[in-house]
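Listed here are the chains, written in short residue letters.
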Amino acid sequence: MSALPPFALGRRRLLAGALGAAILPVLTRRADAAAPISGVRPADWYRTRFGEFEITVVGDGDLDLGEPAAGFPGHPRDDLTQLLRANFRSTEKLVLPQNCFVVNTGRQMVLFDTGVGYTRPFGPHTGMLLANLRAAGIMPEQIDAVVCSHGHIDHVWGIIGGDGKPNFPNAQVFISKADFDFWTDEARGRTDGWVGVFVQGARRNLLPVRERLTFVEDGKEVVPGVIAVSSPGHTVGHTAYVVQSGNAKAMFIGDLAHHEVIMLRRPQIEFAYDTDPRQSAQSRLRLLRMLAQERIGVMSYHFAFPGLGHVAAEGEGFGWYPLPWGVNL
Ligand SMILES: [Zn+2]
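Moving on, we get to the sheet that holds strand 6 (residues 172-176). What the seven strands build is an open sheet, ordered 1-2-3-4-5-6-7; its pairing is mixed. Lying at the two open borders of the sheet, with one neighbouring strand each, are strand 1 (45-50) and strand 7 (213-216). Each neighbouring strand pair of the sheet contributes to a mean axis angle of 25°, computed without reference to strand direction. Examined bridge by bridge, strand 2 (residues 53-64) and strand 3 (residues 95-104) share nine bridges and lie antiparallel to one another. Opposite Thr56, over in strand 3, you have Val102 as the bridge partner.

If you walk across this open sheet you meet the seven strands as 8-9-10-11-12-13-14, and the pairing is mixed. The two strands at the open ends of the sheet, each matched to only one other strand, are strand 8 (221-223) and strand 14 (317-322). Averaged over all pairs of adjacent strands, the angle between their axes in this sheet comes to 35°, without regard to strand direction. In the packing of helix 10 (residues 277-293) onto the sheet, the strands contacted are strand 9 (226-230), strand 10 (239-245), strand 11 (248-252), strand 12 (297-299), strand 13 (308-314) and strand 14, and the crossing angle to strand 13 comes to about 100°.

We now examine the pairing of strand 6. Consecutive side chains along a regular strand alternate between the two faces of the sheet. Of all the five residues making up strand 6, four are buried; the element is thus mostly covered by neighbouring parts of the structure. As judged from the three bridges shared by strand 5 (residues 145-147) and strand 6, these two strands associate in the parallel manner. By the bridge assignment for strand 6, Ala145 is matched with Gln172. Where strand 6 and strand 7 come together, four bridges link them in parallel fashion. The partner of Val173 across the bridge, within strand 7, is Leu213.

Before going further, it helps to examine the nonpolar core. In this structure, Phe112, Ile143, Val222, Tyr241 and Met299 are the most contacted members of the largest nonpolar core, which totals 54 residues. Contact partners of Ile143, with chain neighbours within four places excluded, come to Val102, Met109, Leu111, Ile138, Phe168, Asn170 and Ala171. Formed by 31 residues, the second largest nonpolar core is a distinct cluster that contains Leu63, Val116, Ala240 and Leu264.

So, on to the coordination of the zinc ion. On the protein side, the zinc ion has Asp154 (OD), His155 (NE2), Asp255 (OD) and His302 (NE2) as donor atoms, found 2.1 to 2.2 Å from it. Angles of 86 to 159° at the metal separate the four donor atoms of the zinc ion, which places the site in the irregular class. Counting along the primary sequence, the residues that act as donors to the zinc ion give the motif D-H-x99-D-x46-H. In this pair, Asp154 sits in helix 5 (residues 153-156) while Asp255 sits in the loop between strand 11 and helix 9 (262-265), placing the two residues 101 residues apart along the sequence.

With that settled, the discussion passes to the packing of aromatic side chains. The geometry of an aromatic ring pair comes down to the distance between the two centres and the angle between the two planes. Considering all chains together, one arrives at 15 aromatic pairs under this definition. Judged by centre distance (5.6 Å) and plane angle (55°), the ring pair of Phe180 and Phe215 falls under tilted. Within this pair, whereas Phe180 is found in helix 6 (residues 177-183), its partner Phe215 is found in strand 7, the two being separated by 35 residues in sequence. Overall, Phe180 belongs to the buried group, its relative accessible area being 6%. Given a relative accessible area of 25%, Phe215 falls into the partly exposed group. Residues Trp194 and Tyr273 carry aromatic rings whose centres are separated by 4.9 Å and whose planes lie at 70° to one another, so their mutual orientation is edge-to-face.

Quick look at the pairing of strand 14 now. Relative to strand 14, strand 13 runs antiparallel, the two being bridged by six bridges. Within strand 14, the position partnered with Gly309 by the bridge is Pro322.

Right, let's get into the domain arrangement of the protein chain. The assigned domain composition of the protein chain is domain 1 (1-35) and domain 2 (45-322). Using only C-alpha atoms to locate each centre, domain 1 and domain 2 end up separated by 55 Å.

Across all of its chains, the model carries 12 salt bridges by this definition. Across the pair Lys93 and Asp64 runs a salt bridge whose closest N-O atoms are separated by 3.4 Å. You can see Lys93 sitting in the loop between helix 3 (77-86) and strand 3 and its partner Asp64 sitting in strand 2, a full 29 residues away along the chain. Residues participating in the shared-partner salt-bridge network are Arg41, Asp44 and Asp62.

The subject of this paragraph is the side chain of Thr239. Residue placement: Thr239 occurs in strand 10. Here Thr239 falls in the buried class, since its relative accessible area comes to 4%. In this structure the side chain of Thr239 is engaged in a polar contact, spanning 2.8 Å, whose partner is the backbone oxygen of Gly237.

For the rest of this paragraph, the subject is the confidence of the model for the protein chain. The predicted model of the protein chain averages 92 in pLDDT, with 91% of residues at 70 or higher. Under a pLDDT of 50 for its full length, residues 1-15 has, in the predicted model, 10 contacts with residues more than four places off or in other chains.

Cut-offs and rules
- Residues numbered from 1 in each chain as written.
- Predicted model: local features only at pLDDT ≥ 70, side-chain atom pairs only at ≥ 80, totals over all residues.
- Heavy atoms only, no water.
- Pairing = 2+ DSSP bridges.
- Helix = DSSP H or I, 4+ residues; strand = E, 2+ residues; numbered from the N terminus.
- Axes fitted to C-alpha atoms, helices over the stretch in contact; angles between N-to-C directions.
- Contact = heavy atoms within 4.5 Å.
- Buried < 20%, exposed > 50% of the residue type's maximum accessible area, 1.4 Å probe, protein only.
- Core = buried A, V, L, I, M, F, W, Y, C linked by side-chain atoms within 4.5 Å.
- Donors = N, O, S within 2.8 Å, 3.2 Å for Na, K, Ca; no water.
- Tetrahedral: all angles 85-135°; square planar, octahedral: opposite > 155°, others 65-115°.
- Phe/Tyr/Trp six-rings, centres within 6.5 Å; stacked < 30°, edge-to-face > 60°.
- Domains from an automatic or database assignment.
- Salt bridge = Lys/Arg side-chain N within 4 Å of Asp/Glu carboxyl O.
- Polar contact = N/O pair within 3.5 Å; in protein donor to acceptor, adjacent residues only side chain to side chain.
- pLDDT = per-residue confidence, 0-100.

Below, the structure is given as structure tokens:
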């Protein structure tokens, strides 16, 4: 008889012996143990290296836009249903994640877009940027630049907190002049419907930071490593941003395309919330072709989390190739 304790034996030997016969029921009982379904949503954040930069994708929560056809009133409903079905996506409702990106350039912490903010107009699972930033170890005070693609509810309403003060107290804010002027126009804010609501919210979030606001221009550097790319249509001054560090190059596309199936496979489609749907489709096609041809990466605000990948020209549209999830730090 060995003097060694039972756990020093190989598992097979242990289980083959008389002792094994005694403890096997104890080991297997674990598998039968019931655990309550947690229902707890994990923090949405993901981090990867990007050249000399580090990118942290931080979720603000999901926008439930309801029936997919409602967002694309000019498009045949059957085509949308078939497209979603073929891609194993819900045909009942369209849910868009909100991926905010923090790019640490080594010199600055740059936040792209800010989510829907504290009023949570899309429900309790939205407006989560600040909580998820903290979960990712990033304090709001560390953000040096807030760079906005456009003036809509889900992109600029997270600039100001419930106390009326900036959520990112040390940040310079960047947006196009065209979008600032359009979405802070008092007269437009008095109009009925969603445009009026969007304007009131943009005024609440952009006017208090007017002193620290800088207007971006097409082709010009925003901060070192970030260049503005005008892409009007979804809004009058919608802007994408190229982020580059050495050979690593990607574009934060904002709302150039809202969904990796519908708007890549049907890039000409017109979205209900576009200010100029035709122009929006032209901008989408022009930039997607460039991203595909030049094999430039995509940082997408509304594609499936974490919204990082590539587009490739396929048929009449584009395919989406998400970056494999992996820690690359
Ligand atoms: Zn959006």
